[in-house]
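Here are the chains, one letter per residue:
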Amino acid sequence: YDLLEKIQSFKGLLFVSISAIILYFLSNKFYTDMKLSHQKSEMLEQSFAALNEAARGGIIDLNLVTETATINEKMKFFIPSSSAIVDNFISRYYERIHPDDKERVLQEYTDIINSQNDIWKTEYSLLASDNKYYHVVNSIYIVHDNKTNQAIQLIGEIQDISRLRTLQANYYDL
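Residues numbered from 1 in each chain as written. Predicted model: local features only at pLDDT ≥ 70, side-chain atom pairs only at ≥ 80, totals over all residues. Heavy atoms only, no water.

A look at the overall build of the chain
Note the following rule: For the purposes of this entry, the term helix denotes a DSSP run of H or I that reaches at least four residues, the term strand denotes a run of E that reaches at least two, and both are numbered from the N terminus. Throughout, exposure labels follow a simple rule: accessible area from a 1.4 Å probe, protein chains only, divided by the maximum for the residue type, with under 20% read as buried, over 50% as exposed, and the rest as partly exposed. We call two residues in contact when some of their heavy atoms are within 4.5 Å. Each accessible area is a Shrake-Rupley estimate made with a 1.4 Å probe; only the visible protein chains count as cover when residues are assessed.
What the chain contains, in helices and strands, is 4 helices and 6 strands. Along the chain, from the amino end to the carboxyl end, the secondary structure elements read α-β-β-β-α-α-β-β-β-α. Across the 174 residues in the chain, those meeting the buried criterion constitute 28%. Excluding contacts between residues fewer than 6 apart, the proportion of contacts in the chain whose partners are at least 24 apart in sequence is 40%. Carbon together with sulfur atoms contributes 57% to the accessible area of the chain, which is approximately 12300 Å² in total.

In structure tokens, the structure reads:
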């Protein structure tokens, strides 16, 4: 009987020890995952800040699922916003495309989002916060979900090329 009690005591101790080890590893993994998630978040913020500094134009980082975008200060000239976070970005943006370009740009956008291509570049006129239209080049990289191949994120830059187009028009008029 004494041996049976010792075995059961040993089993209980073993169970507690194994549970403690498992709990340790799970909590350590959770802590590590949280730490990595925080580090990734900081890295993304630093990357966006570096991209913003390097860019000549407006920067857009658009979540295609939520239609929420992060934009830089230069982009706020085209999409007036007091915040760097813009909800309903797609509808707000397409309201500002010149009527002569709107149908073409919307069709191109729909085609690229529904394709497996990940790069799109197009030119059109865009209404800015000063109520004037500017000629812009929109260069976009699209991120697709690895499992579903659906477009989930759009990262782009808008460059004002109005001055270039004016110079070209003046050159050809000579």
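Here the narrative resumes.
Notes on the environment of Ile161
Relative to the assigned elements, Ile161 resides in the loop between strand S6 (151–160) and helix H4 (162–173). Distance from Ile161 to Glu123, taken between C-alpha atoms, is 9.2 Å for residues 38 residues apart in sequence. In this structure, Ile161 is in contact with Glu123, His135, Val136 and Val137, ignoring residues within four places of it in sequence.

So, empty space enclosed by the protein
As a reminder, the rule being used: Grid points spaced at 1 Å and placed over the protein atoms alone form the basis of the search, with a cavity being a set where a 1.4 Å probe fits but cannot get out and a pocket an open set showing protein on both sides within 12 Å along at least five of seven lines. Lining residues have an atom within 4 Å of a point. Grid points are joined across faces, edges and corners, and a volume is the space filled by probe spheres set on the points. Amino acids outside the nonpolar list (Ala, Val, Leu, Ile, Met, Phe, Trp, Tyr, Cys, Pro) and the charged list (Asp, Glu, Lys, Arg) are all regarded as polar, and Gly is one of them.
Tallied over the entire structure, the rule returns 1 cavity of 30 Å³ or more. Volume-wise, the largest cavity comes out at about 80 Å³. Surrounding the largest cavity, Ile60, Leu62, Phe89, Ile90, Tyr93, Tyr94, Tyr109, Trp120, Asn138, Ile140 and Leu154 form its lining. When residues of the lining of the largest cavity are traced back to their parent elements, those giving at least two are strand S1 (58–63), helix H2 (89–94) and strand S5 (133–144). Here the element with the most residues in the lining of the largest cavity is H2; it accounts for 4 residues. Looking at the lining of the largest cavity, its residues break down into 10 nonpolar, 1 polar and no charged.

Quick notes on unusual backbone geometry
You will see that Glu67, though not glycine, has its phi angle at about 60 degrees, which is positive. Looking at the element boundaries, Glu67 is found in the loop between S1 and strand S2 (68–71). The backbone phi angle of Asn149 is positive, close to 65 degrees, even though this residue is not glycine. Relative to the elements of secondary structure, Asn149 occurs in the loop between S5 and S6. The exposure class assigned to Asn149 is partly exposed, which follows from its relative accessible area of 40%.

Here we look at helix H3 (residues 99–114)
Side chains of residues three or four places apart in an α-helix project in the same direction, reflecting 3.6 residues per turn. The line we're drawing: A helix's residues, less one, multiplied by 1.5 Å, set its expected span.
Helix length check: H3, at 16 residues, gives a terminal C-alpha distance of 23 Å against a target of 22 Å (1.5 Å per residue), a fit within 8%. Of all the positions in H3, only Asp101, Val105, Tyr109, Ile112 and Ile113 are classed as buried. The elements touched by buried residues of H3 are H2, strand S4 (119–127), S5 and S6.

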